[in-house]
Amino acid sequence: MFIYKNGELTCEKVKLSEIASEVGTPFYVYSQETLLRNFRRIKNAFASLNPVIAYSVKANSNLSILRLFAHEGSGFDIVSGGELIRVLKAGGLPEKIIYAGVGKSIEELTLAVKSKIMMVNLESEAEAEILSKVAQNARSTVRAAMRINPDVEAHTHEYITTGKKENKFGVSYKSAPAIISRIARLPNIEFVGLHVHVGSQILDTSAHVSGAKRLASLLGTLRSEGVEIRTINIGGGFGIGYMDHEKPMNVENLSRKIIPILKKTGCRVILEPGRFIVAPAGMLITSINYVKSGDQKQFAIVDAGMSDLIRPSLYKAYHRIIPVKETSSRKKIEMDIVGPICESADFFGKERRLPQVKAGDLLAICDAGAYGYVMASNYNTRRRPPEILVKGNRFFIIKKRESYDDLFKGEEFPPHLK
Ligand code: LLP
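Residues numbered from 1 in each chain as written. Predicted model: local features only at pLDDT ≥ 70, side-chain atom pairs only at ≥ 80, totals over all residues. Heavy atoms only, no water.

### Observations concerning the domain arrangement of the protein chain
The domain architecture assigned to the protein chain consists of domain 1 (2-29 + 279-408) and domain 2 (101-271). Residue-level contacts link nine residues of domain 1 with eight residues of domain 2. Buried area between domain 1 and domain 2, both sides added, is near 830 Å², and the carbon and sulfur share of it is 63%. Of all residues in domain 1, the largest losses of buried area upon contact with domain 2 belong to Tyr 315, Tyr 318 and Arg 320, amounting jointly to 54% of the total for that side. For the interface between domain 1 and domain 2, the tally reads one salt bridge. (Domains from an automatic or database assignment. Contact = heavy atoms within 4.5 Å. Buried area = accessible area lost by both parts, 1.4 Å probe. Salt bridge = Lys/Arg side-chain N within 4 Å of Asp/Glu carboxyl O.)

Below you can see the structure in the form of structure tokens.
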């Protein structure tokens, strides 16, 4: 849905340069058609299980995007009270909300219990005890699942592996049976299932398959001990092709391998995909402010910065960068594409071969629909950019660019400085 037509990069049927002249740069742009296609691709691949697809809100939590998925029947994987309120505001059904996270506060757990969400994914025994008390205080019961750390290698960036034993997530595979049999007896907790998330941006199917096998065998042990298990949640983590040579996770292949394992359990299956659905559906469009030749390098200094998209700075993540207007000249030069922020880590791409570009030209940073806007900040007192949703030949501002007033909201002078 992002293709060149007559030399101009378009999103669906809208020229990106047209959006730029209307809303200014930088901005995020999402293709509704791509969002829906990617969601449906996962839905179709796993259709024979009729799973709950709990879209992982952390990847992109814009209200319109959540509502779009809610209309598709999506559930939601959340990690904070804020995300819970967001999903409800977008029209998501509480009975399809799943709450994960290692550090849920009492306030957040109370909100979850009172909202009657589908289930809480517990990450420790201590959390289970707190949740039980919270539910008792609210005179309510709450469904809970246990997140299992399967200790499998996921071959991804060390910051986003989550299923290794040195990671902070879940309880170990070994300690799980004893912990779960205690949790299942806690008052006001209805223990329903097992959860695993092996990591993020995973391209081959083996880690997910191992994770599912581990859950299935643990489930056998638990059942033999009289613990009833009704749901099995295999998390998210399906990777996309950020680089030209990278192939996205083949979800149909994964489903062929994993469906038999999951079917045998007789459980309701839950998936928590985020990136796979939204990353390729979004771009960050930025304008070149300056082209500068250093002693060794050429720089394109753009108006977006690490405050808008932090993934390259934080994970050395690779995002393809392409010009919005195709040029006729075949000549390419090597450039670093950097932002205006006072940090050397403020870059989007290094030693990229781009056609001769000049100040004023627009560049598109690809695959920015996931962990883009949601990780943006106001560093250097910069306003966060707008988010635009394209549908066919129309585009809509689904989040306005922040105003300067927004930047000072909530700040107050103490009496001695008034
Ligand atoms: N479920 C759980 C429990 C998770 O922790 C995550 C992601 C997901 C689902 C969704 O994973 P996905 O399908 O999007 O891979 N900021 C990093 C990614 C952090 C992912 C954290 N957990 C990045 O920009 O790459």
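Moving on from the model shown.
### Remarks on the side chain of Ser 115
By the element assignment, Ser 115 lies in the loop between helix H5 (106-114) and strand S8 (119-122). Engagement of the side chain of Ser 115 in a polar contact is seen with the backbone oxygen of Leu 111, the distance being 2.6 Å. Not counting the four nearest positions on each side in its chain, Ser 115 is found in contact with Leu 84, Leu 88 and Pro 94. (Helix = DSSP H or I, 4+ residues; strand = E, 2+ residues; numbered from the N terminus. Polar contact = N/O pair within 3.5 Å; in protein donor to acceptor, adjacent residues only side chain to side chain.)

### Thoughts on the site of the ligand
Surrounding the ligand, one finds 19 residues, the nearest of these being Ser 200, Glu 272, Arg 311, Tyr 315 and Tyr 371. Take Gly 237: an N or O atom from its main chain is 2.8 Å from an oxygen atom of the ligand. For the ligand, the accessible surface in isolation is 590 Å², of which the surrounding protein chains cover 92%. Its residues placed into classes, the shell around the ligand shows five nonpolar, eight polar and six charged. Two domains each provide a minimum of three residues to the shell around the ligand, namely domain 1 (2-29 + 279-408) and domain 2 (101-271). (Near = heavy atom within 4 Å. Areas by Shrake-Rupley, 256 points an atom, 1.4 Å probe, with all protein chains shown as cover. Nonpolar A, V, L, I, M, F, W, Y, C, P; charged D, E, K, R; others polar.)

### Points about the pairing of strand S21 (residues 394-399)
Here strand S20 (residues 387-391) pairs with S21 via five bridges, running antiparallel. When the sheet's bridge partners are listed, Leu 389 is paired in S21 with Phe 396. In this structure, the hairpin formed by S20 and S21 is closed by a connection of two residues, where Gly 392 is found at a positive phi of approximately 60°. (Pairing = 2+ DSSP bridges.)

### Some details on the packing of helix H2 (residues 32-45) against helix H3 (residues 63-71)
For any two helices packed against each other, the geometry is given by the interaxial angle and the distance between the axes. Running from N to C, H2 and H3 cross one another at 45°; their axes reach a closest spacing of 11 Å. By the angle between their axes, H2 is oblique relative to H3. Crossing angle aside, the handedness with which H2 passes H3 is right-handed. From H2, Gln 32, Leu 35, Leu 36 and Phe 39 reach across to H3, where they touch Ile 65, Leu 68 and Phe 69. (Axes fitted to C-alpha atoms, helices over the stretch in contact; angles between N-to-C directions. Parallel < 35°, antiparallel > 145°, perpendicular 65-115°, else oblique. Left-handed = near helix turned anticlockwise from the far one by under 90°.)

### A look at H2
Relative to the 20 Å expected for 14 residues at 1.5 Å per residue, H2 spans 20 Å between its end C-alpha atoms, a close match to the ideal helical length. Within the sequence span of H2, burial applies to Gln 32, Thr 34, Leu 35, Leu 36, Asn 38, Phe 39, Ile 42 and Ala 45. (Expected span 1.5 Å × (residues − 1). Buried < 20%, exposed > 50% of the residue type's maximum accessible area, 1.4 Å probe, protein only.)

### Here's the deal with the pattern of salt bridges
A full pass over the atoms with the stated rule returns 16 salt bridges. Lys 325 is paired through a salt bridge with Glu 8; the nearest N and O atoms lie 3.6 Å apart. Here Glu 8 lies in strand S2 (residues 8-11) and Lys 325 lies in the loop between strand S16 (321-323) and strand S17 (332-338), a separation of 317 residues in the sequence. For Glu 8, a relative accessible area of 10% translates into the label buried.

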